[in-house]
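The chain contents come next:
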Amino acid sequence: PSLYSLQRVPTDVMKMFFDYTSTGDLLQLACTSVGHQRQVQSYLDKERSILLRQFFASSNLVEDFLSLFPKIKFVVAGSFVSRFVTDRTVSRDLDLYVDYGDVDNLVDALLELGYTRLVKEKDDDFTYNSIGILNVFPLVNKHIPGSPTIDVVACIMSPLHTILHFHSTQVSRLTCARTHN
């Protein structure tokens, strides 16, 4: 079917189509029309929320987490982003890079969302060895046993600069909450 006719496809069929389409192809489709842009954005927002549910006990807490982005400037990077972009499967952790001046605000907000600080054992090494990383604060959800951790990475430099320095991989490993805003 032509791209124009995709706007008239039933929602369940469109979801199936999107599920089997790579993120890169979805982004290209979004560039073809305002209607497709809205459909793709809606789909990716829902998929992101579904993936974030592994970190939070309810959908409301996912929304509360997403609402932190305009208040506290932080960036999501690492395996969560890679998995979202490549195969949309579960992730083992969520890396949140934040300027060191906002670390306390972000950690406090996550504590309110059901997280607790992970107690460091004497032999555990939670530090990332990279220019720009001051410290890493691992958190675990106290309401979801065995849930993946959230690592709050305190950055001396800008979070973006630190991520590009630390991961030294493609820029595609990086995303922010809602880049369309």
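Residues numbered from 1 in each chain as written. Predicted model: local features only at pLDDT ≥ 70, side-chain atom pairs only at ≥ 80, totals over all residues. Heavy atoms only, no water.

1. Considerations on the overall build of the chain
Which entries qualify depends on this criterion: Here a strand is any run of E in DSSP of at least two residues, a helix any run of H or I of at least four, and the numbering for each starts at the N terminus. Accessibility here uses a 1.4 Å probe with only protein chains present; expressed as a share of the type maximum, an area under 20% marks a residue as buried, one over 50% as exposed, and anything in between as partly exposed. Contacts were defined at the residue level, with two residues in contact if any of their heavy atoms lie within 4.5 Å.
Of the regular secondary structure elements, the chain holds seven helices and six strands. In the chain, the succession of α and β elements from N to C terminus is α-α-α-α-β-α-β-α-β-β-β-α-β. Per-residue burial over the chain gives 42% buried out of 181 residues. Put simply, of all contacts in the chain between residues at least 6 apart along the chain, 63% involve residues at least 24 apart.

2. Focus on the nonpolar core
What counts here: Residues belong to a common nonpolar core when they are buried Ala, Val, Leu, Ile, Met, Phe, Trp, Tyr or Cys residues joined through side-chain atoms within 4.5 Å.
Residues F56, F65, F74 and L110 are the most contacted members of the largest nonpolar core, which totals 29 residues. When residues no more than four places from it in sequence are discounted, the contact partners of L110 are F56, F65, L96, Y115, L139, I150 and V152.

3. So, the pairing of strand β4 (residues 133–141)
We count it as follows: Pairs of strands are assigned from DSSP output, requiring at least two bridges between the strands.
Bridge count between strand β3 (residues 115–117) and β4: three bridges; the pairing is antiparallel. Counted as the bridge partner of Y115 is N141 from β4.

4. Details of a nonpolar patch on the surface
For clarity, the cut-off: Patch definition: residues above 30% relative accessible area lacking any salt bridge, with like charges linked at up to 9 Å and the nonpolar side chains Val, Leu, Ile, Met, Phe, Trp and Tyr linked at up to 5 Å. In these tables, accessible area is a Shrake-Rupley quantity obtained with a 1.4 Å probe, and a residue counts as shielded only by the protein chains included in the view. For this document, the term salt bridge refers to a Lys or Arg side-chain nitrogen within 4 Å of an Asp or Glu carboxyl oxygen.
Together, Y100, L134 and I156 line one region of the surface with nonpolar side chains, adding up to about 330 Å² of accessible area. Take Y100: it is sitting in the loop between β2 (93–99) and α6 (103–112).

5. Points about the pattern of salt bridges
Throughout the structure, instances matching the rule amount to three salt bridges. Measuring nitrogen to oxygen at the nearest pair gives 2.9 Å for the salt bridge that ties D19 to K15. With D19 and K15 both in helix α1 (residues 11–19) and four residues apart, the pair spans about one turn of that helix. Take D19: its relative accessible area is 33%, and that puts it in the partly exposed class. K15 gets classed as partly exposed once you look at its relative accessible area, which sits at 38%. Across the pair D45 and R48 runs a salt bridge, and its minimum N-O distance is 3.5 Å. Of the two residues, D45 and R48 both sit in helix α3 (residues 34–52), three residues apart, roughly one turn of that helix.

6. As for the packing of aromatic side chains
This is how the line gets drawn: Here is the rule: rings of Phe, Tyr and Trp (six-membered ring for Trp) pair when centre to centre is within 6.5 Å. Planes less than 30 degrees apart are stacked, more than 60 are edge-to-face, and the remainder are tilted.
Counting across every chain of the model gives seven aromatic pairs. On the basis of an interplanar angle of 65° and a centroid distance of 5.1 Å, the ring pair of F18 and Y43 is categorised as edge-to-face. Pair noted here: F18 is in helix α1 and Y43 is in helix α3, with a separation of 25 residues, a long-range link. Chaining the aromatic ring pairs together yields one cluster made of F56, F65, F69, F74 and Y115.

7. Let's talk about the pairing of strand β5 (residues 149–155)
Within a regular strand, the side chains alternate between the two sheet faces. When you tally the buried positions in β5, you get six out of seven residues, the bulk of the element. As paired elements, β2 and β5 share seven bridges and run parallel to each other. Looking at the pairing, L96 lines up with V152 of β5. In this sheet, β5 lies alongside β4 in antiparallel orientation, the contact comprising six bridges. Within the sheet, the bridge partner assigned to P138 lies in β5 and is D151.

8. Examining helix α2 (residues 23–30)
Put simply, the rule reads: Arc definition: it is the arc formed by the directions from the helix axis to the C-beta atoms.
Taken together, the buried positions of α2 are occupied by T23, L26, L29 and A30. Angular distribution of buried residues about the axis of α2 spans 115°; they occupy a single face of the element.

9. Here's the deal with the confidence of the model for the chain
Applicable threshold: Every residue gets a pLDDT, meaning the predictor's confidence in that residue, from 0 to 100.
Per-residue confidence for the chain gives a mean pLDDT of 79; residues scoring 70 or more make up 76%. The least confident element of the chain, judged by mean pLDDT, is strand β6 (residues 174–175) at 44; the most confident is α6 at 96. Scored below 50 in pLDDT, residues 169–181 makes 24 contacts in the model with residues more than four places away or belonging to other chains.

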